[in-house]
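Here's the letter readout for the chains.
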Amino acid sequence: MDLTVIIVSWNVKEKLKLNLKALYESGGDFKFETFVVDNNSHDGSAEMVRDNFPQVKLIVNTENRGFAAANNQAINLAQGKFVLLLNPDMLVNAETLFKMISWAGENTQAVVSGCKLSNEKGTIVKQVRRFPSLFDQLMIVFKIPHLFPAIVKKYLQLNFDYTVSQRVDSIRGAFFLINVGAYKKISNDKIPLLDERYFIWFEEVDFCREVYKLGGEVWYNADISCIDYVGQSFGQVKRITTQKYFRDSMLSYFQKWGSPIEVKILTIAWKAVSLFVR
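Residues numbered from 1 in each chain as written. Predicted model: local features only at pLDDT ≥ 70, side-chain atom pairs only at ≥ 80, totals over all residues. Heavy atoms only, no water.

1. Notes on the packing of aromatic side chains
And then number 1: What the rule picks out here adds up to 17 aromatic pairs.
And then number 2: Between Phe160 and Tyr162, the ring centres sit 4.7 Å apart and the planes meet at 70°, which makes this aromatic pair edge-to-face.
And then number 3: Judged by relative accessible area, Phe160 falls into the buried class, the value being 12%.
And then number 4: The exposure class assigned to Tyr162 is buried, which follows from its relative accessible area of 8%.
And then number 5: Measuring from ring centre to ring centre gives 5.6 Å for Tyr253 and Phe254, while their planes differ by 75°; the resulting arrangement is edge-to-face.
And then number 6: Exposure remark for Phe254: the relative accessible area of 3% places this residue in the buried category.
And then number 7: Within the aromatic cluster, the residues linked to one another by ring pairs are Trp201, Phe202, Phe246, Tyr253, Phe254 and Trp270. (Phe/Tyr/Trp six-rings, centres within 6.5 Å; stacked < 30°, edge-to-face > 60°. Buried < 20%, exposed > 50% of the residue type's maximum accessible area, 1.4 Å probe, protein only.)

Here it is in structure tokens:
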């Protein structure tokens, strides 16, 4: 099997349907399998997959297990030489999958790779980020970039040239291709699982950092593209809930990669913000 596509879905039935339709219209000489992990949707997503895409390997969870844990359910069963983590609100072009695995197969330094993402209007989705630092995350906690966007210019790589393929720190988890063989080569034959301490957010950044720690690289490919409808599931979640997910993941990231003093500073910052934001 050349490729395993894994889609973790939550209450985005129509976008998921379009996503799967596009996947199965892909061109090129390769074989792929598709997993859909449904995180306890209530919009008939699982039934739609069963009725319309019987070739999909469907996993139905009775609770929302989050992004990392749900992806790991399918990664543990994956047979592909490459594993693609694909958001349900994505739309691949006919040549996207074949071109990506062909490129990644020739560029084995790219343990993780992503392609150019554009929204439905054709605008580039700015997905490349540097690894988080205490300063930029504090700015985000206090929402300073709303007034002074340039203060996180380095972190968000606002001047990044999306027309040039290049090595990067991290890419968006919406289209996240893992070269399984390359990962196993640098990790003593381990399965490329996400860290389940993250429910949502920071898990792809964490994985990219692990790759670099092990001696691999992460690449952005400017010559291959797909459409990203951006955050369809999150639009259904209350702001206070998404902020809690983001806070918990940020703190978990710094507990793993930062120092105790950084964790303490961020914890105090979040507590301070909570006094004014309800």
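2. Remarks on helix 4 (residues 96–106)
Structurally, the α-helix is built with 3.6 residues per turn, so residues lying three or four positions apart point the same way.
And then number 1: For helix 4, the set of buried residues is Thr96, Leu97, Met100, Ile101, Trp103 and Ala104. In a view along the axis of helix 4, the buried residues occupy a sector of 160°, so they form one face of it. (Helix = DSSP H or I, 4+ residues; strand = E, 2+ residues; numbered from the N terminus. Arc of directions from axis to C-beta.)

3. Looking at the pairing of strand 1 (residues 3–9)
And then number 1: By the criterion of burial, strand 1 is predominantly enclosed, with seven of the seven residues buried.
And then number 2: In strand 1, alternate side chains face the same way, and those of Leu3, Val5, Ile7 and Ser9 on one face and Thr4, Ile6 and Val8 on the other are all buried.
And then number 3: Where strand 1 lies against strand 2 (residues 32–39), seven bridges are found, and the strand directions are parallel. What sits directly across from Ser9, in strand 2, is Asp38.
And then number 4: Between the parallel pair strand 1 and strand 2, the chain is carried across by helix 1 (residues 13–23), and the sense of this crossover is right-handed.
And then number 5: Two elements, strand 1 and strand 4 (residues 82–86), share four bridges in a ladder whose sense is parallel. By the bridge assignment, Leu3 is partnered in strand 4 with Phe82. (Pairing = 2+ DSSP bridges. Right-handed = clockwise from strand over helix to strand, strands pointing away.)

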